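Notes for the structure review
Below are the chains, spelled out letter by letter.
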Amino acid sequence: MITSTDQTVLVTGGAGFIGSHTTLALLQAGQAVVVLDNLSNSSAQSLERVARIAGRAPVFVQGDVRDRALVQRLLREHRVGAVLHFAGLKAVGESASMPLTYYDNNVAGSLALCQAMAAAGVWRLVFSSSATVYGDPATVPIREDMPTGPTNPYGRTKWMVEHLLGDLAAADPRWQIGVLRYFNPVGAHESGLIGEDPRGTPNNLLPYVAQVAVGRRAALSVFGNDYPTPDGTGVRDYIHVMDLAEGHLKALQALADRSGLHTWNLGTGQGYSVLEIVRAFQQASGRPVPYQVAPRRAGDAAASYADPSKAARELGWQARRGLTEMMEDTWRWQSLNPAGFGGG
Ligand code: NAD
Ligand code: UDP
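Attention in this report is confined to the structure presented alongside it. Only a predicted model underlies this, so the values are computations on that prediction, with no experimental measurement involved. (Residues numbered from 1 in each chain as written. Chains lettered and ligands numbered in written order. Predicted model: local features only at pLDDT ≥ 70, side-chain atom pairs only at ≥ 80, totals over all residues. Heavy atoms only, no water.)

Side note on the packing of aromatic side chains
Applied cut-off: Note on ring pairs: Phe, Tyr and Trp rings are taken, using the six-membered ring of Trp, and paired if centres are within 6.5 Å. Classes follow the plane angle, with under 30 degrees stacked, over 60 edge-to-face and the rest tilted. By the criterion adopted, a ring carries a charge over it if an Arg CZ or a Lys NZ lies within 6 Å of its centre and within 35 degrees of its normal.
A complete count under the given rule lists four aromatic pairs for this structure. Lying across the ring of Tyr208, Arg217 places its NZ or CZ 5.8 Å from the centre. Positioned above the aromatic ring of Tyr227, the side-chain terminus of Arg296 is 4.0 Å from the ring centre.

Right, here's the structure in full:
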């Protein structure tokens, strides 16, 4: 049990990619869950699949995290003891063309949530932050105390919320806040029933590669092969979404006897290049992944990977699933659901 026996965990954005896998992990740990999601980037199908795997369903409320009255009512009615806050928008390119939408969803949404929590007397919060707050890191691996400096509006929304939460924790010792900086979440639940289902053209590498392998797209564009990395392509710390989900459960447990704000990197500590990912995916899927080299994408770092030792020390958590499992699980989800949840 993550909270005390009669309490519920509120999961905002719980119908989305990471939220649905974490909701599953919570249900499987015996925890009661309420999901709040406006379905702006997801489908309620994901939660039906979660219920199928877990053998029981979370309560689902379709609504917006910016609706403070609604959130306050949910916190009280369901005796919420802790909140996992995934709800937000995450497309870097779109954030540059629609900054108001991003600041409103991500910053104003988090502010409204915290106001509702304070009003309802709920103080335990885990926030989905991102390695993007580190910007272009001067050195790798990246530790939590290294400088931050996001290079795009999406990253700045995460950075601003981190500061907002730091100010709350400094002002009132009842807050128990975990900031989780995710590296690159990939993979899917081993059942192949839930996974990442991006709308439109995927921005991220793995969903794009998977759609090429399944025949939905012709070829991958590799954004730059002249970086100062072993093969010239970008290096990232890919982490299996179920490892990430388990990290959230560990963070909730760790916060039960910790006050203040605590920041933890969730990554594996291991970097892989774009071409290594392409090769690993070809192997896992048995399908070709044709690619062409394209110019660098603006704002991309050469290499970004975590020093995950603080999470290991303080949460007793470390990623257990390796690259092969990440690729095989992504492929199982993609090949069983070539059209995502839209396929039924
Ligand atoms: P996702 O888009 O699949 O999930 C986000 C969910 O939030 C969606 O179901 C969406 O409908 C919902 N949502 C958005 N705005 C909302 C609002 N105002 N009210 C209620 N619901 C709302 O994204 P994800 O990959 O699962 O990411 C979850 C969180 O983790 C996000 O905050 C994201 O910024 C963060 N994150 C993601 C990654 C990544 O690569 N996937 C990396 C670092 C951080
Ligand atoms: N990438 C790529 N082609 C794509 C998408 C991504 O070559 O279609 C590269 C990108 O330049 C980066 C890595 O893959 O080096 C991971 O990119 P992603 O967008 O998945 O994550 P992030 O940039 O947020 O780390």
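Brief notes about the packing of helix α7 (residues 205–213) against helix α11 (residues 323–336)
Worth spelling out the cut-off: Every axis corresponds to a line fitted to the C-alpha atoms, with the helix fit spanning only the stretch in contact, and the corresponding angles, defined between N-to-C directions, vary from 0 to 180 degrees. The secondary structure listing takes helices from DSSP runs of H or I that are at least 4 residues long and strands from runs of E that are at least 2 residues long, numbered from the N terminus. Any angle between 65 and 115 degrees counts as roughly perpendicular, while under 35 counts as roughly parallel, over 145 as roughly antiparallel, and the rest as oblique. Handedness of a crossing follows from how the near helix is turned relative to the far one, being left-handed for an anticlockwise turn of less than a right angle and right-handed for a clockwise one. The contact rule is simple, with two residues in contact once any of their heavy atoms fall within 4.5 Å. When residues are grouped by polarity, Ala, Val, Leu, Ile, Met, Phe, Trp, Tyr, Cys and Pro land in nonpolar, Asp, Glu, Lys and Arg in charged, and all others, Gly among them, in polar.
Taken N-terminus to C-terminus, the directions of α7 and α11 make an angle of 55 degrees; their axes are 10 Å apart at the nearest point. Overall, the two elements α7 and α11 adopt an arrangement that is oblique. In this structure, α7 meets α11 at a crossing whose hand is right-handed. On the side of α7, the interface is formed by Leu206, Ala210, Gln211 and Ala213, while α11 contributes Met327, Thr330, Trp331 and Gln334. Residues belonging to the contact of α7 with α11 are distributed by class as follows: five nonpolar, three polar and no charged.

Remarks on the site of ligand 1
Note the following rule: Near, as used in this document, describes a residue that has one of its heavy atoms within 4 Å of the molecule or strand being considered. Distance and chemistry together define a polar contact, namely a pair of N or O atoms within 3.5 Å, with one atom able to donate a hydrogen and the other to accept it when in protein, and with adjacent residues in sequence counting only for side-chain atoms on both sides. We get accessible surface area from the Shrake-Rupley algorithm with a probe of 1.4 Å; when it comes to residues, only the shown protein chains can shield them.
Taken together, the neighbourhood of ligand 1 is formed by 27 residues, with Asp37, Asn41, Ser42, Lys90 and Tyr154 sitting nearest. Within the side chain of Asp37, an N or O atom sits 2.6 Å from an oxygen atom of ligand 1. Ser42 has a polar side-chain atom sitting 2.7 Å from an oxygen atom of ligand 1. When the free accessible area of ligand 1 is taken as 820 Å², the share hidden by the protein chains comes to 96%. Elements represented by at least two residues in the shell around ligand 1 include exactly α1 (17–28), β5 (124–130) and α6 (153–171). For the shell around ligand 1, the element with the most residues is β5, which contributes three residues. Of the residues in the shell around ligand 1, the class split is 10 nonpolar, 12 polar and five charged.

A few points about the pattern of salt bridges
Filter applied, for reference: For this analysis, a salt bridge means a side-chain nitrogen from Lys or Arg found within 4 Å of a carboxyl oxygen belonging to Asp or Glu. Here the term buried applies to any residue with accessible area under 20% of the maximum for its type, exposed to any over 50%, and partly exposed to those in between, with areas from a 1.4 Å probe on protein chains only.
As enumerated under the stated definition, the model contains 15 salt bridges in all. Of the charged contacts in the structure, one is a salt bridge between Arg181 and Glu162, with a shortest N-O distance of 2.6 Å. Highlighted residues: Arg181 in strand β6 (residues 176–182) and Glu162 in helix α6, separated in sequence by 19 residues. The burial state of Arg181 is the same as that of Glu162; both residues are buried. The partner of Glu246 in a salt bridge is Arg321, with the nearest N and O atoms 3.1 Å apart. A residue pair is termed long-range when its members are at least 10 positions apart, and Glu246 in helix α8 (residues 241–255) and Arg321 in the loop between α10 (309–315) and α11 qualify at 75 residues. The exposure class of Arg321 is buried, given its relative accessible area of 15%. Sharing partners across several salt bridges, the network here consists of Asp243, Glu246, Arg320, Arg321 and Glu325.

Looking at the site of ligand 2
Leu205, Ser221, Arg236, Arg297 and Asp300 are the nearest of the 14 residues found near ligand 2. In this structure, an oxygen atom belonging to ligand 2 sits 2.9 Å away from a side-chain N or O atom of Asn184. Contact with the protein chains removes 87% of the 520 Å² of surface that ligand 2 exposes when unbound. In terms of residue count, strand β8 (residues 220–223) provides more of the shell around ligand 2 than any other element does, four residues in total. When grouped by side-chain class, the residues that make up the shell around ligand 2 number six nonpolar, five polar and three charged.

Examining the sheet that holds β6
For clarity, the threshold we go by: Pairing between two strands is assigned when DSSP locates at least 2 bridges connecting them.
Overall, parallel pairing links the seven strands, which are arranged β3-β2-β1-β4-β5-β6-β11 in an open sheet. Among the strands making up the open sheet, the edge pair consists of β3 (59–62) and β11 (260–266). Across the sheet, the mean angle separating the axes of adjacent strands is 20 degrees when strand polarity is ignored. One ladder, built from four bridges, connects strand β2 (residues 32–37) with β3; its direction is parallel. Along β3, the bridge assignment pairs Val34 with Val59. In the packing of helix α5 (residues 99–120) onto the sheet, contacts are made with β1 (8–12), β4 (80–85) and β5, and the angle to β5 comes to roughly 170 degrees.

A look at the sheet that holds strand β12 (residues 272–273)
The three strands lie next to each other as β12-β9-β14, forming an open sheet whose pairing is mixed. Here the strands that pair on one side only, and so sit at the sheet edges, are β12 and β14 (303–304). Of the pairings in the sheet, the one linking strand β9 (residues 235–236) to β12 comprises two bridges and is antiparallel in character. What sits directly across from Val235, in β12, is Ser273.

Digging into helix α3 (residues 68–77)
Definition in use: An arc is given here, and it is the one of the directions from the helix axis to the C-beta atoms.
Those residues of α3 lying buried are Leu70, Val71, Leu74 and Leu75. The arc that holds every buried residue of α3, seen down its axis, measures 135 degrees, which confines them to one face. With respect to the buried face of α3, the exposed residues turned more than 90 degrees away are Ala69 and Glu77. Backbone geometry just after α3 places Arg79 at a positive phi near 50 degrees.

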